[in-house]
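A structural walkthrough
Residue-level listing of the chains:
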Number of protein chains: 2
Amino acid sequence: MPARGDHDARRRDVSEAVWRVLAARGFGGLTLRAVAAEMGASTGLLTHYFPNKKALVAHALGLADERTANRPLREAPPGLPSLRAALLDVLPLTPAAADMNRIWVGSWDVALSDPDLGERQRLRYQNWRARLRPHVATAVSQGELPASSDVDAVVASAAAFTHGLVVHALLDPGAYPPAHQTALLDAYLATLTL
Amino acid sequence: MPARGDHDARRRDVSEAVWRVLAARGFGGLTLRAVAAEMGASTGLLTHYFPNKKALVAHALGLADERTANRPLREAPPGLPSLRAALLDVLPLTPAAADMNRIWVGSWDVALSDPDLGERQRLRYQNWRARLRPHVATAVSQGELPASSDVDAVVASAAAFTHGLVVHALLDPGAYPPAHQTALLDAYLATLTL
C-alpha cells in the first residue's frame, strides 16, 4: 500500500498533467489517453482517478476553480482603482493568465452542452459580477463614476467587455499584446467616468 | 448511381444534422456517431462525407461561416446607427442567433488548439473588425463620436464588448433577455458619444 505522501504526490502529478493537456489541446483534446501520455503513465492508471470523461472534465474545472481562486491578485485603493485591478486580474497579461483563460474559454463549449456544468458556469460569473459590484458602487459614491450610473448595468458591461477582450487577445495575441489590452481597458473605464 | 439532386439533398441533410448536433452538444459532442444518429443513418454513410473528426469540424465551421454570411442583416443609416445595427446582428437576440453564437463560442476551444483553425478564426475576427471600422470612422466624421476618438481602439472595444455580452447571454439567458442585451449595448454606445 503506498504511503499517503506518495498518494498526494501522484494526485498532484495527475492534476499537473490534466492542466498541461488542457492548456495545449483544450477540452476537445482532454482524454484519459492524452493525460496518461503526458504523464508517461498507462491509461489504466488514469481510470483509477477518472472512471469516465465527465469525471475528467469535472476534475479539470475544479482545478481551474482552485487555481483561479489561489492566483495572486492586485491590490488597489477602493472604487475605480479596485475595479481596474480586478479586471486586470482577469486579462491574459502573462503566460500563466493566458493558460488559465484558455482553459476557461475552452470550458464554455462543455458548459453550453451540459446542464450541470452550465449551471456551475452561470453561478461562477454571477459571483464574479457580485464581487465587482462593490467596486462600482464605491466608485459611484466617491464621485469617480456619475451619480446617475446604473451600478448593475456598469458591472454587467465591464464584465462583458473584459471577457470579450480575453477572447480576442487569446485568439490574436499578436494584435493584443499586454500593453494594448491594458490601454483598451483604460480607455473603456475612461468612457464610464465621463 | 444516385441522381445529382439526390446527392445535393443528402448533403443538405448531413449539414442540417451537423448543425443540430453542434447547437445541442457543441464541438465536444460533435462525432460521426452523433451526426449519424441525428440523421437516423449509419456511421458508415457519414465516413463517406467525413474521413475523420478534423474533416467534420472543418465542415461544421464552413457551415457556420456560410450561415453567418447569409443571415439577414439590419439596415441602418451610416455612422453610429450602422455600428449599432452591426453589433445587434451579432447578439443572441433570437433562437437562431443563439444557436449560431453557441456554435461560434464552442468553436473557440478547437480554434485555440489547432493552428490552422486558430488562424482562420483570427482572420475571421480581424475581418469583422475591418467591417465595423467604416461605421466608427463615419460616426467620428459625422460628429456622433468625439473627433479625438481612436477609431481602431473604438472598434476593438466595441467588438470585445459585444462578444463578451454574447458569452454572458448564452451562459445565463435568464439574466440577459434580448431587451436587456439591447439596453446594455445602447448604454455602452452612449458612453462612447460623451
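Residues numbered from 1 in each chain as written. Chains lettered and ligands numbered in written order. Predicted model: local features only at pLDDT ≥ 70, side-chain atom pairs only at ≥ 80, totals over all residues. Heavy atoms only, no water.

Looking at an unreviewed UniProt entry, chain A carries the name TetR family transcriptional regulator, with the source organism given as Actinomadura darangshiensis.

**Side note on the packing of aromatic side chains**
The line we're drawing: Centre distance within 6.5 Å is the pairing criterion for rings of Phe, Tyr and Trp, where only the six-membered ring of Trp is used; planes under 30 degrees apart are then read as stacked, over 60 as edge-to-face, and the remainder as tilted. Type-normalised accessible area, obtained with a 1.4 Å probe on protein chains alone, sets the label of each residue: buried when under 20%, exposed when over 50%, and partly exposed for intermediate values. In DSSP terms, a helix is any run of H or I states spanning at least four residues, a strand is any run of E spanning at least two, and both are numbered starting from the N terminus. Remark: a charge is flagged as sitting over a ring if the NZ atom of Lys or the CZ atom of Arg is within 6 Å of the ring centre and within 35 degrees of the ring normal.
Per the counting criterion, the structure on display carries 10 aromatic pairs over all chains. Consider the rings of A:Tyr49 and A:Phe50, whose centres lie 6.3 Å apart with planes at 45°: the pair is tilted. Accessibility assignment for this pair places A:Tyr49 and A:Phe50 in one class, buried. Look at B:Trp108 and B:Tyr125: their rings are 6.4 Å apart centre to centre, the planes differ by 75°, and that puts the pair in the edge-to-face class. With B:Trp108 in helix H6 (residues 95–111) and B:Tyr125 in helix H7 (residues 115–141), this pair connects stretches of sequence that are 17 residues apart. For B:Trp108, a relative accessible area of 1% puts it in the buried group. Ring pairs connect the aromatic residues A:Trp108, A:Tyr125, A:Trp128, B:Trp108, B:Tyr125 and B:Trp128, which therefore count as one cluster. The lysine or arginine in question, A:Arg67, covers the ring of A:Trp19, its NZ or CZ lying 4.6 Å from the ring centre.

**Side note on the nonpolar core**
Note the threshold: Only buried Ala, Val, Leu, Ile, Met, Phe, Trp, Tyr and Cys residues count toward a nonpolar core, and they belong to the same one when joined by side-chain atoms within 4.5 Å. Contact criterion: two residues are considered in contact whenever any of their non-hydrogen atoms come within 4.5 Å of each other.
Grouped together as the largest cluster of nonpolar side chains are 134 residues, with contacts concentrated most on A:Leu30 and B:Leu30. The residues contacting B:Leu30, other than those within four sequence positions of it, are B:Val18, B:Val21, B:Leu22, B:Val35, B:Lys53, B:Leu56, B:Val57 and B:Ala60.

**Notes on the UniProt feature "domain: HTH tetR-type" (unreviewed entry) in chain A**
For clarity, the cut-off: UniProt positions are given in the numbering used here, feature names are shortened, and annotations may be inferred rather than shown by experiment.
UniProt's feature table lists "domain: HTH tetR-type" (unreviewed entry) at residues 8–68 of chain A, given in the numbering used throughout. Annotated as residues 8–68 of chain A, this span is 80% helix and 0% strand, and its ends, taken at the C-alpha atoms, are 21 Å apart.

**Topic: the pattern of salt bridges**
A side chain with one charge may pair with a side chain of the opposite charge, provided their charged atoms come close. Here is the rule we go by: Any carboxyl oxygen of Asp or Glu within 4 Å of a side-chain nitrogen of Lys or Arg constitutes a salt bridge here.
Counted according to the given criterion, the structure contains 26 salt bridges over all chains. A:Arg122 is the salt-bridge partner of B:Asp172, the closest N and O atoms lying 3.7 Å from each other. One end of the pair, B:Asp172, is in the loop between helix H8 (151–171) and helix H9 (178–193); the other, A:Arg122, is in helix H7 (residues 115–141), on a second chain. Overall, the relative accessible area of 5% leaves B:Asp172 in the buried class. Here B:Glu119 ties to B:Arg122 by a salt bridge, and the two come within 2.9 Å at their closest N and O atoms. Linking B:Glu119 with B:Arg122, this pair stays in helix H7, spanning three residues, or about one helical turn. You can call B:Arg122 partly exposed: its relative accessible area is 22%. Taken together, the shared-partner salt bridges connect A:Glu119, A:Arg122, A:Arg129 and B:Asp172 into one network.

**Digging into helix H9 (residues 178–193) of chain A**
Rules: Multiplying 1.5 Å by the helix residue count minus one yields the expected span of that helix.
Under the 1.5 Å per step criterion, the end-to-end length of H9(A) is 23 Å for 16 residues, consistent within 8% with the ideal 22 Å. Buried residues of H9(A): A:Gln181, A:Thr182, A:Leu184, A:Leu185, A:Tyr188, A:Leu189, A:Thr191 and A:Leu192, and no others. Elements in contact with the buried residues of H9(A): helix H5 (80–88) and helix H8 (151–171) of chain A together with H8 and H9 of chain B.

**Here we look at the interface of chain A and chain B**
Where we set the bar: We define buried area as the total accessible area lost by two parts upon association, computed with a 1.4 Å probe and summed across both. Nitrogen and oxygen atoms within 3.5 Å of one another constitute a polar contact, given that in protein one can donate a hydrogen and the other can accept it, and given that sequence-neighbouring residues count only through two side-chain atoms.
Contacts between chain A and chain B engage 39 residues on the former and 39 residues on the latter. In this assembly, chain A packs against chain B so that about 3,200 Å² is buried in total across both faces, 64% of it on carbon and sulfur atoms. The interface formed by chain A and chain B contains six salt bridges. Note that B:Asp172 and A:Arg129 form a salt bridge whose closest N and O atoms lie 3.5 Å from each other. Taken together, the connections running from chain A to chain B amount to 17 residue pairs in polar contact (both at pLDDT 80 or more).

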